[in-house]
Amino acid sequence: MPAHRTLALVLRTVEVFETSVVATLFTRELGKVSALAKGARRPRSAFQGGLDLLGVSDIVVFPKASEALDLLAEAAPIERFASLRRDLAALYAGFYIAELLNDLTDLHDPHPRLFDAARITLRHLGESDLRSRRILRFELACLRELGLMPALDACAHCGAAVVVQGDTVWFGLATGGVLCETCRAGHAAVAALSGKDLEAIRALASPGRAWRELDASSAGLAPARDTVGAVLSHVLGHRPRLRP
Ligand SMILES: [Zn+2]
């Protein structure tokens, strides 16, 4: 297969053989790849700084058709996220972004918009007041890009418009979003949200700046966080390990 040049976010590296590395990369054009970087641990290798965790690099990769690893020919650093080096909470949040990309996406399944969303999120993780909302937005961006976005307006089961009744709305954690009063009865794992909590999730899932104005106290954001976390756990089949 021909060589591909693309931007890549370094999710994970494992040392192999004497001097080599197997890198898991989330690339903009090819999606996730697992590639062998021969001699990457030699001094003055062609990969110097290009395989630093959570960095963005310009890479050249030879994809393999079979089960074999792709072959990494070059990796040159393009962007380092400075806040990840000086702020431990930002670093852990960065590792969580990497966990989501690694666990939710398949090899060679490109999602350029998700790559861009990850890059922007990593760039701003140092802003502690917005961090938890940025992570929620990234989680929702993952769900949307992968076709797993929960319904937020019409019933996930029958499509009827969902109205908030007595400030309670039913949210099916395993059925993909809000449920009308009729459909709610037939489903397990249904959470009760307030109208305000649903509004918060809608704002976090939308473009624009409304998400910045949400009640950012941990209590104010807790129902939205718990709901999105439960949806992710359902999709992954386990709780995300590094969720802040
Ligand atoms: Zn329904």
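For the structure, check the block above.
Residues numbered from 1 in each chain as written. Predicted model: local features only at pLDDT ≥ 70, side-chain atom pairs only at ≥ 80, totals over all residues. Heavy atoms only, no water.

**A closer look at the overall build of the protein chain**
Broken down by element type, the protein chain carries 7 helices and 8 strands. The dimensions of the protein chain, computed from C-alpha atoms along their principal axes, are 65 × 40 × 30 Å. Here the protein chain, with 244 residues, has 46% of them falling under the buried criterion. In the protein chain, once contacts between residues fewer than 6 apart in sequence are set aside, the share between residues at least 24 apart is 60%. (Helix = DSSP H or I, 4+ residues; strand = E, 2+ residues; numbered from the N terminus. Buried < 20%, exposed > 50% of the residue type's maximum accessible area, 1.4 Å probe, protein only. Contact = heavy atoms within 4.5 Å.)

**A look at the coordination of the zinc ion**
The zinc ion binds to the protein through Cys155 (SG), Cys158 (SG), Cys180 (SG) and Cys183 (SG); the donor distances cover 2.3 Å. For the zinc ion, the 4 donor atoms in the first shell make angles of 102 to 115° at the metal, a pattern classed as tetrahedral. Within one chain, the residues serving as donors to the zinc ion are arranged as C-x2-C-x21-C-x2-C. Highlighted residues: cysteine 155 in the loop between helix 4 (128-145) and strand 6 (169-172) and cysteine 180 in the loop between strand 7 (177-179) and helix 5 (181-184), separated in sequence by 25 residues. Both residues of the pair, cysteine 155 and cysteine 180, count as buried. (Donors = N, O, S within 2.8 Å, 3.2 Å for Na, K, Ca; no water. Tetrahedral: all angles 85-135°; square planar, octahedral: opposite > 155°, others 65-115°.)

**Structural notes on the packing of helix 2 (residues 88-104) against helix 3 (residues 112-123)**
Contact pair helix 2 / helix 3: the axes reach a minimum separation of 10 Å and the direction vectors enclose 170°. Looking at the two axes, helix 2 sits roughly antiparallel to helix 3. Here Gly94, Ile97 and Leu101 of helix 2 come into contact with helix 3, specifically with Leu114, Ala118, Thr121 and Leu122. Partitioning the contact of helix 2 with helix 3 into residue classes produces 5 nonpolar, 2 polar and no charged. (Axes fitted to C-alpha atoms, helices over the stretch in contact; angles between N-to-C directions. Parallel < 35°, antiparallel > 145°, perpendicular 65-115°, else oblique. Nonpolar A, V, L, I, M, F, W, Y, C, P; charged D, E, K, R; others polar.)

**Things to note about helix 2**
Taking 1.5 Å of rise per residue, the 17 residues of helix 2 would be expected to cover 24 Å, and the 24 Å separating its terminal C-alpha atoms lies within 8% of that figure. Within helix 2, burial applies to Ala90, Ala93, Gly94, Tyr96, Ile97, Ala98, Glu99, Leu100, Leu101 and Leu104. Capping the start of helix 2, aspartate 87 holds a side-chain oxygen 3.0 Å from the backbone nitrogen of alanine 89, two or three residues further along. (Expected span 1.5 Å × (residues − 1). Polar contact = N/O pair within 3.5 Å; in protein donor to acceptor, adjacent residues only side chain to side chain.)

**Some points on the packing of aromatic side chains**
If you walk through the whole model with that rule in mind, you get 1 aromatic pair. Judged by centre distance (6.5 Å) and plane angle (25°), the rings of phenylalanine 26 and phenylalanine 115 are stacked. Within this pair, whereas phenylalanine 26 is found in strand 2 (residues 20-27), its partner phenylalanine 115 is found in helix 3, the two being separated by 89 residues in sequence. For the pair formed by phenylalanine 26 and phenylalanine 115, the shared burial category is buried. Geometry around tryptophan 170 places arginine 184 over its ring, the cationic atom sitting 3.8 Å from the centre. (Phe/Tyr/Trp six-rings, centres within 6.5 Å; stacked < 30°, edge-to-face > 60°. Lys NZ or Arg CZ within 6 Å of the ring centre and 35° of its normal.)

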